[in-house]
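Topology and contacts: notes
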Amino acid sequence: MNLQKRIPALLSGILLLFCMSAVSGYADEYQNMRDEVVMLVNEQRTANGQTPLYESEFLNHAAQIRAEEIKVTFSHTRPDGRKGYSIMEELGGSYWYVGENIAYGYPTESSVMEAWMDSSGHRANILNENYHAVGIGVFESEHTYYWVQLFTDGEGLSPIYTSGNLNIDNACNSEDAALILTEAANAGAGGNSILNRMQKSFADINRDSKVDSSDAAMVLQYAAYAGSGGTESVENYFKLS
């Protein structure tokens, strides 16, 4: 069996742990790849009648550790002999349901997702109705990519992106508006995009399938509201459905 083109058994379990600690500002050179995998996951879930998952910064951190570990031991058992989901407890995680998909040897986000979806156990994890949050680990070593999806019910977690928050700083502010304006200017000039698919989906505040100055204006309007003590979400403030 060519292990570079096969995926081992999935791991899923039900446990209750207590406490949660936030991992703030976690992003690296693999972030665009993580975001694309989450987009592909949610396309599959939507096509199969399941609600989309949100990408969790905490789970990204946990999955990244696991991605580096599976290079050492390609297994749902960690190099030190503990179960894969023990990374959650190690980082202070809390969950009712948890599942893990792993793979290596697939060079792109679409190729690894196709392999997972072609495997009944991994497909079941991706489409599991008990999961609400996901983290993605990606690690490249010697021209080989190692991939991890870590799913939970979302206990104690929050999304890495929200409407208008594109730079993973937990705020919708002028920095995000500047990103939107730059993206719009580049698009108008036929230049390269600075936002990935995930970011664009959260940059389109008014949901007109465009990222432009009107979205930037809404971000600035909301930033002024939040700066004056407003606590409504972007969706509630603009009455988005």
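In short, a report on the structure.

What counts and what doesn't
- Residues numbered from 1 in each chain as written.
- Predicted model: local features only at pLDDT ≥ 70, side-chain atom pairs only at ≥ 80, totals over all residues.
- Heavy atoms only, no water.
- Helix = DSSP H or I, 4+ residues; strand = E, 2+ residues; numbered from the N terminus.
- Buried < 20%, exposed > 50% of the residue type's maximum accessible area, 1.4 Å probe, protein only.
- Contact = heavy atoms within 4.5 Å.
- Areas by Shrake-Rupley, 256 points an atom, 1.4 Å probe, with all protein chains shown as cover.
- Phe/Tyr/Trp six-rings, centres within 6.5 Å; stacked < 30°, edge-to-face > 60°.
- 1 Å grid on protein atoms, 1.4 Å probe; cavity = no way out; pocket = protein on both sides within 12 Å on 5 of 7 lines; lining within 4 Å.
- Points joined across faces, edges and corners; volume = space filled by probe spheres on them.
- Nonpolar A, V, L, I, M, F, W, Y, C, P; charged D, E, K, R; others polar.
- Core = buried A, V, L, I, M, F, W, Y, C linked by side-chain atoms within 4.5 Å.
- Polar contact = N/O pair within 3.5 Å; in protein donor to acceptor, adjacent residues only side chain to side chain.

What to know about the overall build of the protein chain
When helices and strands are tallied, the protein chain shows 9 helices and 5 strands. From first element to last, N terminus to C terminus, the protein chain shows the α and β order β-α-β-α-α-β-α-α-β-β-α-α-α-α. Of all 241 residues assigned to the protein chain, the portion counted as buried reaches 48%. Here the contacts in the protein chain between residues at least 6 apart in sequence split such that 70% fall between residues at least 24 apart. Accessible area of the protein chain: about 11,300 Å², with a carbon and sulfur share of 51%.

Here's the deal with helix α4 (residues 109-117)
Taking burial as the measure, the 9 residues of α4 include 7 buried ones, the bulk of the element. All of the buried residues in α4 are E109, S111, V112, M113, A115, W116 and M117. Tucked into the core, α4 has its buried residues touching α1 (31-47), β3 (97-104), α5 (120-127) and β5 (144-152).

What about the packing of aromatic side chains?
Considering all chains together, one arrives at 10 aromatic pairs under this definition. Taken together, a centroid distance of 4.4 Å and an interplanar angle of 25° make the contact between Y225 and Y237 stacked. Of the two residues, Y225 sits in helix α8 (residues 213-227) while Y237 sits in helix α9 (residues 234-237), which places them 12 residues apart along the sequence.

Let's talk about the environment of E89
Along the chain, E89 turns up in helix α3 (residues 86-91). The exposure class assigned to E89 is exposed, which follows from its relative accessible area of 54%. E89 sits 27 residues away from A62 along the chain, and the two C-alpha atoms are 9.9 Å apart.

Brief notes about the layout of surface pockets
Roughly 340 Å³ of volume is contained in the largest pocket. Around the largest pocket sit 19 residues that line it, and Y161, S163, M198, S201 and F202 are the ones nearest its centre. Elements that contribute at least two residues to the lining of the largest pocket include exactly α1, β2 (54-55) and α7 (197-203). The biggest single contributor to the lining of the largest pocket is α7, with 4 residues. Residue composition of the lining of the largest pocket, grouped by class: 10 nonpolar, 4 polar and 5 charged.

Thoughts on unusual backbone geometry
For N170, which is not glycine, the phi torsion reads 60° and is therefore positive. Positive phi, close to 55°, is recorded for R207, a residue that is not glycine. Its location among the elements puts R207 in the loop between α7 and α8. Assessed through its relative accessible area of 42%, R207 is described here as partly exposed.

Let's talk about the nonpolar core
Among the nonpolar cores identified, the biggest contains 46 residues, and L59, M88, M113, W116, I126, W147 and L150 are the most heavily contacted of them. Contributions of two or more residues to this core are made by α1, α2 (57-72), α3, β3, α4, α5, β4 (133-141) and β5. Counting 15 residues, the second largest nonpolar core, distinct from the first, contains C172, A177, V219 and Y225.

Remarks on the side chain of Q199
Mapped onto the fold, Q199 is located in helix α7. The buried category is assigned to Q199, whose relative accessible area is 12%. Of note is the side chain of Q199, whose polar atom sits 3.1 Å from the backbone oxygen of L166. Residues within four places of Q199 in sequence aside, it is in contact with Y161, L166 and I194.

Observations regarding the environment of M113
Residue position: M113 is located in helix α4. Residues M113 and I126, 13 residues apart in the sequence, show an inter-C-alpha distance of 9.6 Å. Sequence-distant contacts of M113, that is, excluding residues within four places in its chain, are made with V37, L40, V41, Q44, I126 and Q149.

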